Amino acid sequence: QYLPLKEGSPEVPLFRVGWSVDFSHSQLGEDEFSYGYDGRGLKVENGQFEEFGQSFGENDVIGCFADFEGAAEAVELSFSKNGEGLGPAFRVPKEALGERALLPHVLCKGCAVELNFGQREEPFAAVPEGFVFIHALPAQERVRTPLPPRSTEECEVLLMVGLPGSGKTQWAQKHSQENREKRYNILGTEAVLHQLRVSAGNAPGDGNGGLRGRDLLTQQAAQCLSKLVQIAPRSKRNFILDQV
């Protein structure tokens, strides 16, 4: 279901569904071992988009399937739309995946979704033969990701202090990687810009157009960051505030 937008807003709803592993970025499909099916009729893996299946939107039912038994050397990931199979989208080598567990992953903006892991008596749409819902798997065959902090008293907030260019962002990223179990959320302009996935060289315009575009994006990222800082206290998470 699409949510109402402010009048005149240029934003469009975003919906992407698929699989990733623990510690993957929230932007489904934009890093390693992260596989998404996008509502624009695209598949995305490690930041690479390709045409796949059909576009989908409001009131559509998307099925996500992981076949661990069909091939000896790879896990095959496929999707369906309203009960109609769209074929394989990804083949993930089991050797590369190693002991990592594949986790359901949904990325959405401007829309509301309902998920069914098998808790409903009847599925939303037909399920291919040979597949079972995650909910039906024995507990010993599932992998539980670490729980977040149970209370705000257990949460950590690290505030970076230093001159521009002194290495604050690099330290924050390194500290986050070295302490993955804490699942730090880095709040900073550069982190927001990275999620926008736009650089000065990609901005349209003539000679200085890219720089002007970068300045505009930086202003927008600063506004987003201000909003994120206001929202952050509502969540029981660990944060690194990487902003002067």
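Residues numbered from 1 in each chain as written. Predicted model: local features only at pLDDT ≥ 70, side-chain atom pairs only at ≥ 80, totals over all residues. Heavy atoms only, no water.

Re the pattern of salt bridges
Operational definition: For this document, the term salt bridge refers to a Lys or Arg side-chain nitrogen within 4 Å of an Asp or Glu carboxyl oxygen. Comment: elements are numbered from the N terminus, with helices defined as DSSP H or I runs of at least four residues and strands as E runs of at least two. Each residue's exposure class comes from its accessible area (1.4 Å probe, protein chains only) as a fraction of the maximum for that residue type: buried when under 20%, exposed when over 50%, partly exposed otherwise.
All told, the structure shown has nine salt bridges when counted by the stated rule. For the salt bridge of aspartate 22 with arginine 183, the shortest nitrogen-to-oxygen distance reads 2.2 Å. Of this pair, aspartate 22 sits in the loop between β1 (14-20) and β2 (34-38) while arginine 183 sits in the loop between α2 (168-178) and β10 (184-187), and the two are 161 residues apart along the sequence. The class for arginine 183 is partly exposed, based on a relative accessible area of 29%. A salt bridge links arginine 91 to glutamate 76; its shortest N-O distance comes to 3.5 Å. Highlighted residues: arginine 91 in strand β7 (residues 84-93) and glutamate 76 in strand β6 (residues 74-81), separated in sequence by 15 residues. Residue classification places arginine 91 among the exposed residues on the basis of a relative accessible area of 54%.

Some remarks on the sheet that holds β10
Selection criterion: For two strands to be treated as a pair, DSSP must find at least two bridges joining them. Axes here mean lines fitted to C-alpha atoms, for a helix over just the part in contact, with angles spanning 0 to 180 degrees between N-to-C directions. Any two residues whose heavy atoms approach within 4.5 Å are treated as being in contact.
Strand order in the open sheet made by the three strands is β9-β11-β10, with parallel pairing throughout. Each edge of the open sheet carries a strand with a single partner, namely β9 (157-159) and β10. Adjacent strand axes in the sheet meet at a mean angle of 15°, parallel and antiparallel pairs treated alike. Sheet topology places β10 next to strand β11 (residues 238-241); four bridges connect them, and they run parallel. Residue pairing across strands places asparagine 185 opposite phenylalanine 239, the latter belonging to β11. Those strands touched by α2 are β9, β10 and β11, and its axis lies near 170° from that of β10.

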